[in-house]
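Residues per chain, in single letters:
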Amino acid sequence: MNALNADLHCHSTASDGTLAPADVVRRAVANGVDLLALTDHDELLGLPEAAATAAELGLRFVPGVEVSVSWLDQTLHIVGLGIDPSNTALIEGLAQVRGGRDGRAARIAAELERIGIRGAMEGALRYAGNPALVSRAHFARFLVEIGASRNVHDVFLHYLARGKPGYVEHVWATLEDALGWIKGAGGLAVIAHPGRYRLSHAEMDILFERFRELGGDAVEVSCGAHDGGQLLAFARLARKFGLMASRASDFHGPEDSPIDLGRADPLPPDLTPVWTRLN
Ligand code: AMP
Ligand code: MN
Ligand code: MN
Ligand code: MN
């Protein structure tokens, strides 16, 4: 076990998590987390409540965000840690990324309508704690509710992943913009769950190289999405590119997540944990 139980990536109802920010913090404390970052998708709205609850309970808290990025033909997620939530360029950049989500959600609903699933927009909105942030996770919960699939995992297999009938292409922020906003707001930039990206070894190397050039700091080596082999593979890439390592549950809620807050695997001991650079 790492000496510190750090969990530097999770979600609240400000994006597609199912717990309010204060409840995420309470659960982290109950689980023995020592250092927590809330990293909602493209959104800072949950940070004040989480920070206040963490202060009350004596938990070390780091303001964070998970920025949606288009790179090559993939969607990547870049986590920003220790960002200043009052930074104007960050606030405006994220508002721009969120702004694309409404139109995208309408296109997802239209695609689902074509295969006979009606009312998906209203259905997804009922699950969205923040109407400015409709995510595929909200559509997934609606599709489970109407019995289209047994669980959220199956929804992604059959409906919402690329190549499936409810998937639509969308252009998110550029990698350059995401790094610019995060670094400009005084944050550390982290490549989220790299094991989820469909990139060749050569493409992954190009991504890490470019990320480094843009001032990127770390990579999630231990995260809910990685198996043991992926943890070792991305530990190797962290060493190769001189990146620090992060540990992340990517918790979305008790019903929805394979890994609970504070329960991701420990980092290999030779890597530098990104939290050594967080106050
Ligand atoms: P979006 O940002 O709207 O594209 O939604 C992405 C979110 O959908 C992720 O952050 C997860 O919460 C969820 N998600 C994506 N793929 C899966 C999957 N295979 N299983 C479960 N949830 C997923
Ligand atoms: Mn999510
Ligand atoms: Mn993500
Ligand atoms: Mn996430």
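Since we're looking at a predicted model, the values are computed, not measured.

Before going further, it helps to spend a moment on the overall build of the protein. Scanning the protein from N- to C-terminus turns up nine helices and seven strands. The C-alpha radius of gyration of the protein comes to 18 Å, within 12% of the 19 Å expected for a compact globule of 279 residues. Judged by the C-alpha coordinates and their principal axes, the protein covers about 55 × 45 × 40 Å. Residues classed as buried in the protein amount to 55% of the 279 residues present. Residue pairs at least 24 apart in sequence account for 72% of intrachain contacts in the protein once pairs closer than 6 positions are excluded. Counting every atom, the protein has about 11,600 Å² of accessible surface; 53% of that belongs to carbon and sulfur. Each charge class in the protein was averaged separately, 26 positive and 35 negative side chains, and the resulting centres sit 3 Å apart.

Of the protein atoms, only Glu66 (OE), His77 (ND1) and His193 (NE2) coordinate the manganese ion (ligand 3), at distances of 2.1 to 2.2 Å. All donors of the manganese ion (ligand 3) come from a single chain, and their spacing in sequence reads E-x10-H-x115-H. Separating the manganese ion (ligand 3) and the manganese ion (ligand 2) is a distance of 5.6 Å. Of this pair, Glu66 sits in strand β3 (residues 60–71) while His193 sits in the loop between β5 (188–191) and α8 (201–213), placing them 127 residues apart in sequence. Comparing Glu66 with His193, the two get one shared label, buried.

Turning to the site of ligand 1, a few remarks are in order. The full set of residues close to ligand 1 is Asp16, His41, Arg101, Arg104, Ser135, Arg136, Ala137, Val152, Phe156 and His252. His41 has a polar side-chain atom sitting 2.8 Å from an oxygen atom of ligand 1. Side-chain polar atom of His252 to an oxygen atom of ligand 1: 2.9 Å apart, as the coordinates give it. Calculation on ligand 1 without its partners gives an accessible area of 500 Å², and the protein chains cover 80% of this total.

Donor atoms from the polypeptide that coordinate the manganese ion (ligand 4) comprise His9 (NE2), His11 (NE2), Glu66 (OE) and Asp250 (OD), at 2.1 to 2.2 Å from the metal. Written as a sequence motif, the donor arrangement for the manganese ion (ligand 4) is H-x1-H-x54-E-x183-D. The distance between the manganese ion (ligand 4) and the manganese ion (ligand 2) is 4.7 Å. Taken as a pair, His9 in the loop between β1 (6–7) and α1 (21–30) and Glu66 in strand β3 lie far apart in primary sequence, 57 residues in all. Summarising the burial analysis for this pair, His9 and Glu66 share the class buried.

The next subject is the pattern of salt bridges. One pass over the full model with this rule turns up 16 salt bridges. Here Asp23 ties to Arg26 by a salt bridge, and the two come within 2.6 Å at their closest N and O atoms. Within this pair, Asp23 and its partner Arg26 are both found in helix α1, separated by three residues, close to a single helical turn. Here Asp23 falls in the partly exposed class, since its relative accessible area comes to 34%. Linking Arg126 and Glu145 is a salt bridge whose minimum nitrogen-to-oxygen distance equals 3.2 Å. Separated by 19 residues along the polypeptide, Arg126 in helix α4 (residues 120–127) and Glu145 in helix α5 (residues 136–145) bring together distant segments of the chain. The exposed category is assigned to Arg126, whose relative accessible area is 56%. One network of salt bridges, with partners in common, ties together Asp73, Arg162 and Glu169.

The rules behind the values
- Residues numbered from 1 in each chain as written.
- Chains lettered and ligands numbered in written order.
- Predicted model: local features only at pLDDT ≥ 70, side-chain atom pairs only at ≥ 80, totals over all residues.
- Heavy atoms only, no water.
- Helix = DSSP H or I, 4+ residues; strand = E, 2+ residues; numbered from the N terminus.
- Rg over C-alpha atoms; globule rule 2.2 N^0.38 Å.
- Buried < 20%, exposed > 50% of the residue type's maximum accessible area, 1.4 Å probe, protein only.
- Contact = heavy atoms within 4.5 Å.
- Areas by Shrake-Rupley, 256 points an atom, 1.4 Å probe, with all protein chains shown as cover.
- Lys, Arg positive; Asp, Glu negative; His and termini not counted.
- Charge placed at Lys NZ, Arg CZ, Asp CG, Glu CD.
- Donors = N, O, S within 2.8 Å, 3.2 Å for Na, K, Ca; no water.
- Near = heavy atom within 4 Å.
- Polar contact = N/O pair within 3.5 Å; in protein donor to acceptor, adjacent residues only side chain to side chain.
- Salt bridge = Lys/Arg side-chain N within 4 Å of Asp/Glu carboxyl O.

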